[in-house]
Amino acid sequence: FQKKHARVIVLDLSYSMLARDVSPTRIDRVRFKLVDLLKSFKEGETGLICYAGDAFVISPLTNDPSTIVSMLPGLSPNIMPVPGSNPEIAIKLAVDLINRSGLNNGHIILVTDGIEKKSVSNLENLLGPNNLSILAVGTGEGSPINLPGGDFLKDKNGNIVIPKLNKKSLLKLSNIYNFTLVFMSMDDKDIEKIISSEDI
């Protein structure tokens, strides 16, 4: 007997995920971590959505997480057609996947290197009865973003962009909006915390 449970991983593929403050890059480390996370799911169904300026369903809900594991190597900010960071549209897609599964609630796991306060308040309205966990990757120091051509990402004024993970801000937001906040760790404590937060 399999417990009926739906979870959707929502993966940030904005250009900041190419930063190298986490070795070899944020997105590379995330891929390794997601393999471990997916292998730890023993019951229920799992889906995957990726987003930058727009969002796409990479995998609908499946009871075989290994199919999602096989997709991870090809996921990079370079494949996203619209630059930017729009987690709201990705969460809408995730909620829709869960609703279409026939369940009243599910678990949305947002993997990102930062989220604005405005976005979090919007997410609370979009989530409905679903649980939200945020797995945060990056450091407070940050690092430049290497683009495919070898140059660094710059802002409109020509300054090199250095994205930083603002842990204090995320902690404050997690207390206000009551979501599970997990900072990516070298061991399995982050995965264990995400699994324990599932309302099964």
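That block above? That's the structure.
So, here's what we can say about the structure. Predicted model only: the values in this text are computed from it and were never measured. (Residues numbered from 1 in each chain as written. Predicted model: local features only at pLDDT ≥ 70, side-chain atom pairs only at ≥ 80, totals over all residues. Heavy atoms only, no water.)

**Some words on the overall build of the chain**
Test applied: Under the scheme used here, helices are H or I runs from DSSP no shorter than 4 residues and strands are E runs no shorter than 2 residues, and both carry numbers assigned from the N terminus. Radius of gyration means the value over C-alpha atoms here, while the globule rule gives 2.2 Å times the residue count to the 0.38 power. Per-residue accessibility, obtained with a 1.4 Å probe over protein chains only, is compared with the maximum for each type, and a residue is labelled buried under 20%, exposed over 50%, and partly exposed between these values. In what follows, residue pairs with any heavy atoms lying within 4.5 Å of each other are defined as contacts. Surface exposure here means Shrake-Rupley accessible area, sampled with a 1.4 Å probe, where a residue is shielded only by the protein chains that are shown. For this count, His and the chain ends are skipped, Lys and Arg are scored as positive, and Asp and Glu as negative. In plain terms, the charge of a residue is placed at NZ if it is Lys, CZ if Arg, CG if Asp and CD if Glu.
In terms of helices and strands, the chain carries six helices and six strands. Since a compact globule built from 200 residues should have a radius of gyration of about 16 Å, the 16 Å found for the chain is in line with a globular shape. C-alpha atoms of the chain, sized along the principal axes, occupy 55 × 35 × 30 Å. Taking all 200 residues of the chain together, 48% fall into the buried category. The contacts of the chain with a sequence gap of at least 6 include a subset with a gap of at least 24, amounting to 72%. When the accessible surface of the chain is split by element, carbon and sulfur atoms take 51% of a total near 9800 Å². Taking the average place of the 22 positive charges on the side chains of the chain and the average place of its 22 negative ones, the gap between the two points comes to 3 Å.

**Thoughts on helix H6 (residues 189-196)**
Keep this limit in mind: The reported arc concerns the directions from the helix axis to the C-beta atoms and nothing else.
Within H6, the full set of buried residues consists of Asp 190, Ile 191 and Ile 194. Buried residues along H6 cover an arc of 100° about the axis, so they all sit on one side. Exposed side of H6, more than 90 degrees from the buried face: Lys 189, Glu 192 and Ser 196 are the residues found there. Structurally, H6 contributes buried residues whose contacts are with helix H1 (26-40), strand S4 (107-112), strand S5 (131-136) and strand S6 (180-183).

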